[in-house]
Amino acid sequence: NMKRNQDPKAEDIEKLMHRFPHLRIAYIDNIRINRAGASIYYSVLLKSDGRGNIQEVYRVRLPGNPVIGEGKPENQNHAMIFTRGEFLQTIDMNQEGYFEEALKMRNCLQEFAKREGPLPTTILGLREHIFTGSVSSLANYMALQEISFVTLGQRVLTRPLHIRLHYGHPDIFDKLFFITRGGISKSSKGINLSEDIFAGYNNVIRGGSVGFKEYLQVGKGRDVGMSQIYKFEAKLSQGAGEQSLSRDVYRMCHRLDFCRLLSFYYGGIGHYFANVLTVLTVYLVVYLMAVLALFDLERIGERVITPMGTIQMLLGGLGLLQTIPLFATLGVERGWFASVQEIALVFITGGPLHFMFHIQTKANYMTQTILVGGAIYRPTGRGFVTQHTPMDEQYRFFAASHLYLGVELAAGLILMGLYTDAEQYFGRTWSLWLASISFLASPFWFNPLTFDWNVVTNDYILWLRWIQGSSGGATKSWSMWWNEENAFYKKMPFTSKMFFMIKAALHLLVAQGIQRSNLFRSDMSLSNPLI
């Protein structure tokens, strides 16, 4: 197909096979057998013959097209028949191996023979080293986030919690175990969007165990651009939403003991539910404070019922304690002074804005998937995206998920500030203002050349042209983008629509509070004591 479409990747693949004669490429070939469009599908293995030609090694006929969902997991499963040996290491395209690490593979394979517990080790997890951390501040945040999850989190999930699953690559599989149990990925469209973790579910349900060893590490390139990270987080969140509806999670939850069940929840879909509840709490607190101020309900008689700001400032500061495990890890690996420098740099460059922004990304897509479905695979590309993104493109990416909510929270906090009689406004609202500013400012703060005047004026012209456009698709017209962005409302069940009806009722309540206030008094003379 690539050759037929004159895709330059076909030539690149052939060059790689000629340069590395031990490399084998597996692909799915389809041959049309009549004019009606019927096709025969084959799994084909290719290699270089060493004389500048591509040679076919094997051709296995398939009963039909194996790609029923996304291509990646089915390609993994159909290529597995061509592999040799009893163990299989899955390596992503954005990963790299180090020669000195490859020397440890013999030791690594012995881990499968050790059998540390009552169940056989069927997946062996390895540590990842993120080598793209120096590309930009966003890349550094992602590298630190990977240290927290890929190293610290999985270390604890393995022992003592015994609930580590398969979260991606470069894990090593017991091939004989998995090839007789449905393969190393699941690929039904939609429900198996996060295809990797279903290998972990399948493994636990069928009696395997997962190990995690840190003496061997594999390099990994993480996303380095704002829109790439956004797509990546959206894909994971929608995948978590679909997981919560899957029969695999249902079976796991009915068979795990209580302690492992709690660990499984927090180490998987529970993290995304926690983000949903965090954003929902911020939303409700802003509206509750605004409504109390608008309807003059902040005190009962002489007793003030609004919390004091000092307590809230202390509770908000407790969130900083989550940096302690990362600080300790960096201190052990790089030295304590380097660890202090790294954590300080994260705060100076706006790291809290980034992490709060992506709490909302996870919450938005998790909620959307639970309410209306529509999870899709989002290819992030994983390239070195450090160029400027135009404002209209930023708006299309982030408006529905972040910008509208940021404006809504800011408006609620301003109304609360205008009408409140309680003291310590800043102490009570600083964390809420930080959330609002994060949703509004992060896409622009982390966009290269955002403050270059020529770039700003050019972006504004493009944005105006997009707002005023009426045809040409979502990238040329705001109205067409709006219709596409909100198309999911049409297929939403009534029970899900109740959520949005409650939001509309909150807006009506705030409008009623503003209307009954002194802003709408007819007497506007200077003698009016209410002014």
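Keep in mind that this is a model prediction, so the values were computed, not measured.

Caption draft 1: Just the overall build of the protein chain, in detail. Within the protein chain, the regular secondary structure consists of 20 helices and ten strands. In terms of principal-axis extent, the alpha carbons of the protein chain reach across some 100 × 55 × 45 Å. The buried share of the protein chain, reckoned over its 531 residues, is 42%. Carbon together with sulfur atoms contributes 61% to the accessible area of the protein chain, which is approximately 29400 Å² in total. The distance from the centre of the 52 positive side-chain charges to the centre of the 43 negative ones in the protein chain is 7 Å.

Caption draft 2: Just a nonpolar patch on the surface, in detail. A grouping of Val57, Tyr58, Val60, Ile81 and Ile179 is seen on the molecular surface, where their side chains present a nonpolar patch of about 400 Å² in accessible area. Looking at the nonpolar patch, the element that brings in the most residues is strand β3 (residues 54–62), giving three residues. Structurally, Val60 can be placed in strand β3.

Caption draft 3: Focus on the packing of aromatic side chains. Overall, the coordinates contain 27 aromatic pairs when judged by the stated rule. When the centroid spacing of 6.4 Å and the interplanar angle of 75 degrees are considered together, the rings of Tyr395 and Tyr404 count as edge-to-face. In this structure Tyr404 comes out as partly exposed when scored by relative accessible area, which is 31%.

Caption draft 4: Representation of a positive patch on the surface within the structure. A contiguous patch of positive charge, built from Arg206, Arg247, Arg251 and Arg255, is present on the exposed surface. Residue placement: Arg247 occurs in helix α9 (residues 247–255).

Caption draft 5: Molecular detail of the pattern of salt bridges. Evaluation of the coordinates by the stated rule reveals 16 salt bridges. Of the charged contacts in the structure, one is a salt bridge between Lys114 and Glu111, with a shortest N-O distance of 3.2 Å. Taken together, the positions of Lys114 and Glu111, both in helix α4 (residues 105–114) and three residues apart, correspond to about one turn of that helix. Overall, the relative accessible area of 46% leaves Lys114 in the partly exposed class. Across the salt bridge formed by Arg164 and Asp171, the nearest N and O atoms sit 3.3 Å from each other. Taking the relative accessible area as the measure of exposure, Asp171 reaches 2% and is therefore buried. Several salt bridges share partner residues, and in doing so they unite Arg127, Arg155, Glu214 and Glu333 into one network.

Caption draft 6: Representation of the side chain of Arg222. Locating Arg222 in the fold gives a position in the loop between β8 (209–220) and α8 (226–243). One polar contact links Arg222 to Glu146, side chain to side chain, over a distance of 2.9 Å.

Caption draft 7: Just the sheet that holds strand β1 (residues 25–32), in detail. Pairing is antiparallel across the open sheet formed by three strands, whose spatial order is β1-β2-β3. Each edge of the sheet is formed by a strand with only one pairing partner; in this case those strands are β1 and β3. For this sheet, the mean inter-axis angle between neighbouring strands, taken without regard to orientation, is 30 degrees. Pairing between β1 and strand β2 (residues 39–48): eight bridges, direction antiparallel.

Caption draft 8: Geometry of the sheet that holds β8. Overall, mixed pairing links the five strands, which are arranged β4-β7-β6-β8-β5 in an open sheet. Of all strands in the sheet, those with a lone pairing partner are β4 (87–89) and β5 (95–96), marking the two edges. Helix-sheet contacts for helix α5 (residues 137–158) involve β6 (121–130) and β8, and the interaxial angle to β8 is about 155 degrees.

Caption draft 9: How the structure looks around unusual backbone geometry. Look at the link from Arg159 to Pro160: it is a cis peptide, with omega at 20 degrees. Here Pro160 is to be found in the loop between α5 and β7 (172–174). Here the bond from His169 into Pro170 is cis, since omega is 20 degrees, no more than 30 degrees from zero. Positive phi outside glycine occurs at Gln6, with the angle close to 55 degrees.

Caption draft 10: Structural detail: the nonpolar core. Core analysis: the biggest nonpolar cluster contains 38 residues, and Leu165, Tyr201, Met252 and Phe264 have the highest contact counts within it. Looking at this core, the elements with two or more residues in it are α7 (195–205), α9, α11 (269–294), α15 (351–372), α16 (391–419), α17 (425–445) and α20 (494–515). Of all the elements, α11 adds the most residues to this core, at twelve residues. Among residues more than four places away in sequence, those in contact with Leu165 are Asp171, Ile197, Gly200, Tyr201, Val204, Val210, Met252 and Phe264. Counting residues in hydrophobic clusters, the runner-up holds 26 residues, among them Met142, Ile229, Ala399 and Trp463.

Caption draft 11: Highlighting the state of the cysteines. Under the definition given, this model contains zero disulfides. Here Cys259 is not disulfide-linked; the sulfur of Cys253 is the nearest cysteine sulfur, at 15 Å. You can call Cys259 exposed: its relative accessible area is 56%.

Caption draft 12: The environment of Ile229, seen in detail. Tracing the sequence through the fold places Ile229 in helix α8. Along the sequence, Ile229 and Gly153 sit 76 residues apart, while their C-alpha atoms lie 20 Å from each other. Aside from chain neighbours lying at most four places away, what touches Ile229 is Leu138, Met142, Asp223, His354 and His358.

Caption draft 13: Structural context of the environment of Leu509. Inspection of the secondary structure assignment puts Leu509 in helix α20. By relative accessible area, which is 35% here, Leu509 ends up partly exposed. Through-space distance from the C-alpha of Leu509 to that of Glu484 is 30 Å; in sequence the pair is 25 residues apart. Sequence-distant contacts of Leu509, that is, excluding residues within four places in its chain, are made with Val291 and Phe295.

Caption draft 14: α9, seen in detail. Among all positions of α9, only Asp248, Val249 and Met252 are buried. The buried residues of α9 occupy an angular sector of 95 degrees when the element is viewed end-on, so they sit on one face. Those residues of α9 that are exposed and angled more than 90 degrees off the buried face are Arg247, Tyr250 and His254. Where the residues of α9 are buried, they touch α7, α8, α10 (258–267) and α11.

Quick notes on the rules
- Residues numbered from 1 in each chain as written.
- Predicted model: local features only at pLDDT ≥ 70, side-chain atom pairs only at ≥ 80, totals over all residues.
- Heavy atoms only, no water.
- Helix = DSSP H or I, 4+ residues; strand = E, 2+ residues; numbered from the N terminus.
- Buried < 20%, exposed > 50% of the residue type's maximum accessible area, 1.4 Å probe, protein only.
- Areas by Shrake-Rupley, 256 points an atom, 1.4 Å probe, with all protein chains shown as cover.
- Lys, Arg positive; Asp, Glu negative; His and termini not counted.
- Charge placed at Lys NZ, Arg CZ, Asp CG, Glu CD.
- Patch = residues over 30% accessible without salt bridge, like charges linked within 9 Å, V, L, I, M, F, W, Y side chains within 5 Å.
- Salt bridge = Lys/Arg side-chain N within 4 Å of Asp/Glu carboxyl O.
- Phe/Tyr/Trp six-rings, centres within 6.5 Å; stacked < 30°, edge-to-face > 60°.
- Polar contact = N/O pair within 3.5 Å; in protein donor to acceptor, adjacent residues only side chain to side chain.
- Pairing = 2+ DSSP bridges.
- Axes fitted to C-alpha atoms, helices over the stretch in contact; angles between N-to-C directions.
- Contact = heavy atoms within 4.5 Å.
- Core = buried A, V, L, I, M, F, W, Y, C linked by side-chain atoms within 4.5 Å.
- Disulfide = S-S within 2.5 Å.
- Arc of directions from axis to C-beta.

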